[in-house]
Structures are given as structure tokens and as C-alpha cells.
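The residues making up each chain are set out below.
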Amino acid sequence: MTIHHDKLAYGKLAKTNEEMSDEDILKMLKSLEDDEEEKEDKKEDASK
């Protein structure tokens, strides 16, 4: 299967072999956790 990327929509793709620091990984995890908390809060508000 071939995956085609729309560079105009997404810009340049990051290199797959790019080294990430532990700090970068922790920032990404924190961001994902914050997003999940926001989604849960919205679900709770909608159910009230």
C-alpha cells in the first residue's frame, strides 16, 4: 500500500529518523494528556 502525503496541506514531513530528546517526548505526552482531559471535560458537560 502506498501512502501519499499532501505537502501543500501538511508542509514538509519530519524525518523518520529524527532524534527526539527526552524533554521533547515529555512535552508531547503532556500535550496529549491535556487534550484527553479537555475531551473528558466536554463529555461530562454535555451529559449534564
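Everything numeric in this text was worked out from a predicted model, so none of it was measured.

Undergrad: Sorry if this is basic, but what is going on with the overall build of the protein chain here?
TA: Broken down by element type, the protein chain carries two helices and zero strands. Considering the protein chain as a whole, with its 48 residues, one finds that 0% of them fall into the buried category. Accessible area for the protein chain stands at about 5300 Å²; split by element, carbon and sulfur atoms hold 52% of it.

Undergrad: Help me out: how do you make sense of a nonpolar patch on the surface in this one?
TA: Together, Met-20, Ile-25, Leu-26, Met-28, Leu-29 and Leu-32 make up a nonpolar patch on the protein surface, roughly 580 Å² of accessible area in all. Take Leu-26: it is sitting in helix α2 (residues 22-47). With a relative accessible area of 57%, Leu-26 lands in the exposed category.

Undergrad: Even after reading the chapter, I still don't get a negative patch on the surface, so can you show me in this structure?
TA: A cluster of acidic residues, Glu-33, Asp-35, Glu-36, Glu-37, Glu-38, Glu-40, Asp-41, Glu-44 and Asp-45, forms a negative patch at the surface. Look at Glu-40 and you get partly exposed, because its relative accessible area is 46%.

Parameters and conventions
- Residues numbered from 1 in each chain as written.
- Predicted model: local features only at pLDDT ≥ 70, side-chain atom pairs only at ≥ 80, totals over all residues.
- Heavy atoms only, no water.
- Helix = DSSP H or I, 4+ residues; strand = E, 2+ residues; numbered from the N terminus.
- Buried < 20%, exposed > 50% of the residue type's maximum accessible area, 1.4 Å probe, protein only.
- Areas by Shrake-Rupley, 256 points an atom, 1.4 Å probe, with all protein chains shown as cover.
- Patch = residues over 30% accessible without salt bridge, like charges linked within 9 Å, V, L, I, M, F, W, Y side chains within 5 Å.
- Salt bridge = Lys/Arg side-chain N within 4 Å of Asp/Glu carboxyl O.
- Lys, Arg positive; Asp, Glu negative; His and termini not counted.
- Charge placed at Lys NZ, Arg CZ, Asp CG, Glu CD.

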